Amino acid sequence: MDQAGVEPGTVVVVTGGARGIGAELSRHLAAEGAVVVAADVVDPEWDAGDLAVTHERVDVSDEASWQRLVDAVVDRHGRIGALVNNAAIYQGLGAKRHFTELTVEEWDRVLAVNTRGVWLGMRAVHPVMKAQGWGRVVNIASSTVHMGVPHFAHYTASKGAVIALTRSIAREVGQDGITVNAIAPGLVETEATRSLNDDEYLAAAAVRRAIPRAQEPGDLAPVVSFLCSRGSGFVTGQTLIVDGGLAFS
Ligand SMILES: NC(=O)c1ccc[n+]([C@@H]2O[C@H](COP(=O)([O-])OP(=O)(O)OC[C@H]3O[C@@H](n4cnc5c(N)ncnc54)[C@H](O)[C@@H]3O)[C@@H](O)[C@H]2O)c1
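Worth saying up front: this structure is predicted, and the values here are computed from it rather than measured.

Trainee: Could you give an account of the pattern of salt bridges, with specific residues and numbers?
Mentor: Across all of its chains, the model carries eight salt bridges by this definition. The partner of Glu45 in a salt bridge is Arg19, and the shortest N-O contact between them spans 3.9 Å. Here the residue Glu45 occupies a position in the loop between strand S2 (35-40) and strand S3 (53-57), and Arg19 occupies one in the loop between strand S1 (11-15) and helix H1 (20-31), the gap between them amounting to 26 residues. Of the residues examined, Arg19 reaches a relative accessible area of 34% and is grouped as partly exposed. Of the charged contacts in the structure, one is a salt bridge between Arg27 and Glu24, with a shortest N-O distance of 2.6 Å.

The following block contains the structure:
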């Protein structure tokens, strides 16, 4: 019988793995036996200890940077079982603002990282996964899309596009043995979230959930692990909201 989590030895690339949710996903997957490449545009803020995690540089908005990363992973490991597209401009969004106050430069930068970065990542790993005859892609979207959260227009647009990309690319690569799914987290208590929202906002979100408590990065990790596993092989094009039961799709 297939196990529920990622199979030991699976090579998993996690973008945005330097901190926050990406760090926790990397730690969890490695603890389950995956060989994790945590890639980010900044230095890691955590130490993997004895776990099989290596840190690499990538700017996900940049085509050449993706190719360098994929070449380095294939040189070292010979395969890429799963890609977790977690990197995004989130903490870097700064204060929430009315959509009329966003600049074109901010809009383009957020879409370049959060949306183009996800497409470029899937495009970069596709030849490797196709040659293997299997692969798993997990894109980190956001329940702000489902909730219609205001004052984050560029961010919600970028994450809505991630859900759309997940669906259409899933149809294009299913025949290659590759699944593409998305996870839409609710408000997760990371340093980034605390810098963007005050305590009252966080507490109000927590009590409105069917499971009325704070959401932690660890709430996402087992779900990502399942979608990186062979056992999830007949699930594709889906967006799973992991928010303790606040938004229902
Ligand atoms: N924290 C939440 O409440 C929440 C909710 C829903 C979705 N998400 C999503 O989860 C993911 C992680 O969120 P987080 O809370 O850890 O945020 P975060 O801002 O702390 O982490 C984002 C990571 O992406 C990296 N990154 C940014 N631009 C990059 C680039 N061009 N190339 C490579 N790496 C880049 C950052 O350096 C950082 O390590 C993001 O996709 C975010 O949109 C977060």
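Trainee: Tell me about the environment of Trp134, residues and numbers included.
Mentor: By the element assignment, Trp134 lies in the loop between helix H3 (104-132) and strand S5 (135-140). In this structure the C-alpha to C-alpha distance between Trp134 and Gly117, which are 17 residues apart in sequence, comes to 22 Å. Among all residues touching Trp134, those that are not within four sequence positions of it are Thr10, Gly81, Met129, Asp176, Gly177, Ile178, Cys228 and Arg230.

Trainee: Give me the lowdown on the UniProt feature "domain: Ketoreductase" (unreviewed entry) in the chain, citing residues and values where you can.
Mentor: When the UniProt feature table is mapped to this numbering, "domain: Ketoreductase" (unreviewed entry) covers residues 10-186. Helix makes up 46% of residues 10-186 and strand makes up 19%, while its end C-alpha atoms are separated by 27 Å.

Trainee: Would you mind going over the nonpolar core in detail, with residue names and values included?
Mentor: Formed by 44 residues in total, the largest nonpolar core has its most connected members in Trp66, Leu69, Ile80, Leu93 and Val180. With nine residues, the top contributor of residues to this core is H3. Look past the residues within four positions of Trp66 in its chain and what remains in contact with it is Thr15, Val58, Asp59, Val60, Leu83, Asn85, Gly117, Leu120, Gly121 and Ala124. By size, the runner-up hydrophobic cluster in this structure holds 27 residues, among which are Val12, Ala23, Leu29 and Leu227.

Trainee: Explain the environment of Thr239 residue by residue, including any values.
Mentor: Structurally, Thr239 can be placed in strand S7 (residues 239-242). We classify Thr239 as buried; its relative accessible area is 18%. Considered as a pair, Thr239 and Ala184 are 55 residues apart in the sequence and their alpha carbons are 6.5 Å apart.

Trainee: Tell me about the site of the ligand, and please be specific about residues and values.
Mentor: Close to the ligand lie 28 residues; Arg19, Asp40, Asn86, Tyr155 and Val188 are nearest. The separation between a nitrogen atom of the ligand and a polar main-chain atom of Val58 is 3.3 Å. Note that a nitrogen atom of the ligand is positioned 3.0 Å from one of the side-chain N or O atoms of Thr193. Expressed as a share of its isolated accessible area of 830 Å², the protein-covered part of the ligand is 96%. Of all elements in the fold, only H1, helix H5 (153-173) and helix H6 (191-196) reach the threshold of two or more residues within the shell around the ligand.

Cut-offs used in this document
Residues numbered from 1 in each chain as written. Predicted model: local features only at pLDDT ≥ 70, side-chain atom pairs only at ≥ 80, totals over all residues. Heavy atoms only, no water. Salt bridge = Lys/Arg side-chain N within 4 Å of Asp/Glu carboxyl O. Helix = DSSP H or I, 4+ residues; strand = E, 2+ residues; numbered from the N terminus. Buried < 20%, exposed > 50% of the residue type's maximum accessible area, 1.4 Å probe, protein only. Contact = heavy atoms within 4.5 Å. UniProt positions renumbered as here; feature names shortened; annotations may be inferred. Core = buried A, V, L, I, M, F, W, Y, C linked by side-chain atoms within 4.5 Å. Near = heavy atom within 4 Å. Polar contact = N/O pair within 3.5 Å; in protein donor to acceptor, adjacent residues only side chain to side chain. Areas by Shrake-Rupley, 256 points an atom, 1.4 Å probe, with all protein chains shown as cover.

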